[in-house]
Amino acid sequence: MSTPEAPGTSGVRDEEERPGRIDAVEVRHPWRWVTVAVIAVLALMLVHLLVTNPAFDWPFTLEVMNQTIVIRGLLVGTLFTTVCAMVIGITGGVLLAVLRLSDNRVLAGTAWTFTWFFRAIPRYVLLSITGGLGALFATGLSIGVPFDFLLQQWFGTPDLRLLTISQQSLFALFGGVFGGIVGLGVSEAAYMAEIARAGLLSVDRGQHEAAEALGMSKRLAMRRIVLPQAMRVIVPPTGNEVIAMLKDTSLLAAIPVATELFFRVSQIKNTTYQVMAGNMAAVLYYLIATSILMVGQHFLEKRFSRGYGGTPARRPAAAGVSLGPGGAK
Amino acid sequence: MSQPLDRPLVKARNVHKSFGHVEVLRGIDLDVHAGQVVCLLGPSGSGKTTFLRCINSLERIDAGRIWVDGDLVGLAERKGRLHRLNDTEIARQRRDIGMVFQRFNLFPHLNALENVVEAPIRVRGVAKAQAHARAHELLERVGLADRAQNYPAQLSGGQQQRVAIARALAMQPKLMLFDEPTSALDPELVGEVLTVMRELAADGTTMVVVTHEVAFARDVADQVVFMDGGVVVEYGAPGDVIGNPREERTRTFLARMLHEGSAQDSAPDSV
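What counts, and at which threshold
- Residues numbered from 1 in each chain as written.
- Chains lettered and ligands numbered in written order.
- Predicted model: local features only at pLDDT ≥ 70, side-chain atom pairs only at ≥ 80, totals over all residues.
- Heavy atoms only, no water.
- Helix = DSSP H or I, 4+ residues; strand = E, 2+ residues; numbered from the N terminus.
- Buried < 20%, exposed > 50% of the residue type's maximum accessible area, 1.4 Å probe, protein only.
- Contact = heavy atoms within 4.5 Å.
- Areas by Shrake-Rupley, 256 points an atom, 1.4 Å probe, with all protein chains shown as cover.
- Lys, Arg positive; Asp, Glu negative; His and termini not counted.
- Charge placed at Lys NZ, Arg CZ, Asp CG, Glu CD.
- Salt bridge = Lys/Arg side-chain N within 4 Å of Asp/Glu carboxyl O.
- Patch = residues over 30% accessible without salt bridge, like charges linked within 9 Å, V, L, I, M, F, W, Y side chains within 5 Å.
- Arc of directions from axis to C-beta.
- pLDDT = per-residue confidence, 0-100.
- UniProt positions renumbered as here; feature names shortened; annotations may be inferred.
- Polar contact = N/O pair within 3.5 Å; in protein donor to acceptor, adjacent residues only side chain to side chain.
- Buried area = accessible area lost by both parts, 1.4 Å probe.
- Nonpolar A, V, L, I, M, F, W, Y, C, P; charged D, E, K, R; others polar.
- Phe/Tyr/Trp six-rings, centres within 6.5 Å; stacked < 30°, edge-to-face > 60°.

Focus on the overall build of chain B
Across its full length, chain B carries nine helices and 12 strands. When the backbone C-alpha atoms are referred to their principal axes, chain B occupies close to 55 × 50 × 40 Å. Looking at chain B residue by residue over its 271 residues, the buried ones come to 55%. Excluding contacts between residues fewer than 6 apart, the proportion of contacts in chain B whose partners are at least 24 apart in sequence is 64%. Of the accessible surface of chain B, which amounts to about 11,900 Å², a share of 46% is contributed by carbon and sulfur atoms. Measuring between centres, the 32 positive side-chain charges of chain B sit 8 Å from its 35 negative side-chain charges.

A few points about the overall build of chain A
Helix and strand counts for chain A come out as 14 helices and two strands. By the burial criterion, 34% of the 329 residues in chain A qualify as buried. Look at the contacts in chain A between residues 6 or more apart in sequence, and 75% of them connect residues 24 or more apart. Put simply, chain A shows about 20,100 Å² of open surface, and 67% of that area lies on carbon and sulfur atoms.

Focus: the pattern of salt bridges
Tallying each qualifying case throughout the model produces 23 salt bridges over all chains. Of the charged contacts, one joins B:Arg53 and A:Glu209 as a salt bridge, the two residues approaching to 2.6 Å between their closest N and O atoms. Here B:Arg53 is found in helix 1 (residues 48-55), whereas its partner A:Glu209 is found in helix 10 (residues 205-213) on a different chain. Owing to a relative accessible area of 12%, B:Arg53 belongs among the buried residues under this scheme.

Some thoughts on a positive patch on the surface
On the surface, a cluster of positive charge is made up of A:Arg219, A:Arg223, B:Arg122 and B:Lys128. What makes B:Lys128 exposed here is its relative accessible area of 58%.

Here's the deal with helix 3 (residues 58-65) of chain A
Residue and element names in this part refer to chain A. Among all positions in helix 3, only Phe 60, Thr 61, Val 64 and Met 65 are buried. The buried residues of helix 3 occupy an angular sector of 145 degrees when the element is viewed end-on, so they sit on one face. The outward face of helix 3, more than 90 degrees from its buried face, is lined by the exposed residues Pro 59 and Leu 62.

Quick look at the confidence of the model for chain A
Put simply, chain A has an average pLDDT of 87, and 90% of its residues get 70 or more. Every residue in residues 310-329 of chain A scores below 50 in pLDDT, and together they form 27 contacts with partners more than four places removed in sequence or on other chains.

As for the UniProt feature "transmembrane region" (unreviewed entry) in chain A
Residue and element names in this part refer to chain A. Mapped onto this structure's residue numbering, the UniProt feature "transmembrane region" (unreviewed entry) falls at residues 31-51, 71-99, 132-151, 171-193 and 273-296. For the annotated span residues 71-99, helix accounts for 100% and strand for 0% of the residues, and the straight-line distance between the end C-alpha atoms is 40 Å. As annotated, residues 132-151 comprises 20% helix and 20% strand, and the C-alpha atoms at either end are separated by 30 Å.

Quick notes on the side chain of A:Ser187
Residue and element names in this part refer to chain A. Looking at the element boundaries, Ser 187 is found in helix 9 (residues 177-201). By relative accessible area, which is 0% here, Ser 187 ends up buried. At 2.7 Å, the side chain of Ser 187 and the side chain of Arg 123 are in polar contact. Among all residues touching Ser 187, those that are not within four sequence positions of it are Phe 118, Arg 123 and Leu 126.

A closer look at a nonpolar patch on the surface
Residue and element names in this part refer to chain A. A contiguous nonpolar patch, built from Trp 31, Val 34, Val 38, Val 41, Leu 42 and Met 45 and spanning about 640 Å² of accessible area, is present on the exposed surface. The residue Leu 42 is located in helix 2 (residues 30-52) in this model. Taking relative accessible area as the criterion, Leu 42 reaches 51% and is therefore assigned exposed.

Brief notes about the interface of chain B and chain A
Facing 30 residues of chain B, the contacting portion of chain A comprises 29 residues. Summed over both sides, the interface between chain B and chain A buries roughly 2,500 Å², with carbon and sulfur atoms accounting for 56% of that surface. On the surface where chain B and chain A come into contact, there are three salt bridges. When the shortest N-O distance is used, the salt bridge between A:Arg224 and B:Glu118 registers 2.7 Å. Applying the counting rule to chain B against chain A returns five residue pairs in polar contact (both at pLDDT 80 or more). Where the side of chain B that touches chain A is concerned, the elements lending two or more residues are helix 2 (87-94), strand 8 (97-100), helix 3 (112-124) and helix 5 (157-169) of chain B. Ranked by residues supplied to the side of chain B that touches chain A, first place goes to helix 3 of chain B with five residues. Looking at side-chain class alone, the side of chain B that touches chain A contains 15 nonpolar, seven polar and eight charged residues.

Things to note about the packing of aromatic side chains
Residue and element names in this part refer to chain A. The full count for this structure, using the stated rule, is nine aromatic pairs over all chains. Their ring planes at 5 degrees and their centres at 5.5 Å tell us that Phe 56 and Trp 58 sit as a pair that is stacked. Since its relative accessible area comes to 13%, Phe 56 is described here as buried. In this structure Trp 58 comes out as partly exposed when scored by relative accessible area, which is 27%. When the ring of Phe 174 is compared with that of Phe 178, the centres are 5.5 Å apart and the planes differ by 65 degrees; the resulting orientation is edge-to-face. On the basis of relative accessibility, which here comes to 11%, the residue Phe 174 falls in the buried class. The class of Phe 178 is partly exposed, set by a relative accessible area of 38%.

Structure follows, in structure tokens:
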């Protein structure tokens, strides 16, 4: 393309000096189409299996999902336990993380020991322990002055017990959903402690200093300045923990608790021999619950990433709304 | 409280501070009177930032005493013995001392307005409406009335630092501490922050400023303190310390600063 130099006359030369719009052929990706085809075939095979295989008795699956005992199991043993265990886990975990970061060595050590112990024990094992916790209290569990029996022996004081729960009640209490909530809650607190600690440590030292230089107490600075920023780091893995907890409630069988989704489904499987249909009922319920949780997590994450994602300026009035779509928008 | 009326607002005597085995402050004496602007100059590592942080107990001193408005900082004398103040008591002392940091340290999860009203509402218990009105006034004073709803991440460095100044002023402090307030800024943003600080100085705010802006110190300061190696090498009026330094170390430092900073010096001068 070496055209002789003739300024203003050659169109080719103009093209070289002032190149115009690019109208080029895009790069082709033939292998993408191959993979799409393979996946399409596999997906069709899966759909075919789900629809035509007689082991998937879908009408029966829906019937199982519709059983009162299954729904009660879902609401009490699965959802209610998840919520309560996570409340214990999150508050306990944040508390443990704050203790762990304390200057007081005893507090920090206590938090460390708690985490060490409860992280080491499998939840299934832990639940079979909490389920039978009543066995420790042959004479019941009392609330009152510690070591009052020794005081009685030495000084002849009357017994200093305000309230006593009998062993029978303890067995009933810990042998049910309550025992499951306690077991899963303390186990979760141990994991949440590490998540919360990572969150607290992610907040810049300068934030503590700025808050304290304004005359805030350490507690106020933690509550108003540090924790809200730590939440940005804490929320995503916590969402993960909630979903894991939802599934771990199926371990309540170790207590044993009957009012729980998978326990009830298994009972139906065992009497009807419709194993796959029963399992699918549980799978569908877990899928639905997890999907709802994911939506909630999305809005929580949006809420706590305020000020980070270049969100447009917002009127302070809207800041009061916390979880709904309106609040995060 | 029996001291004369013209007692210094900040009085430091023989202040010592070590980090491990490194002695960063080796006997600092300083008086700052109400309404004065005192600039601390000196090379990196001379201890000027550490000394500033000692004034509001962000660092604990090992020896010597600092008084702010007649009260011992971080300590109290009870029955002839010195007692360290607890967190609550230290927090109460800090309410009256504003601080502006090199890295702004705005609260990133709060917008500019929320940053300014947070401490007055939560610490001083000012009514919300009143705190908001005052915050709007302060933001206007630092030239950011239209940025009240912006989060720190949406503001330039200079704007963030001006919000930080408004945040500190919102507590109506007796004393303002500035820790290298322009060192983290792009050169073209230094001027806007220095302008705000000049206006504060002109309004009679008592300020202690750690800075590398020699021109600012020369124009605005009532007293210039030159520190090196944890001691005050030279102090006095800017005309003397900057214009006609007695000590060799001061001269070397200033020569280097003026040489390196000559391009930037013109910016604040033109304000």
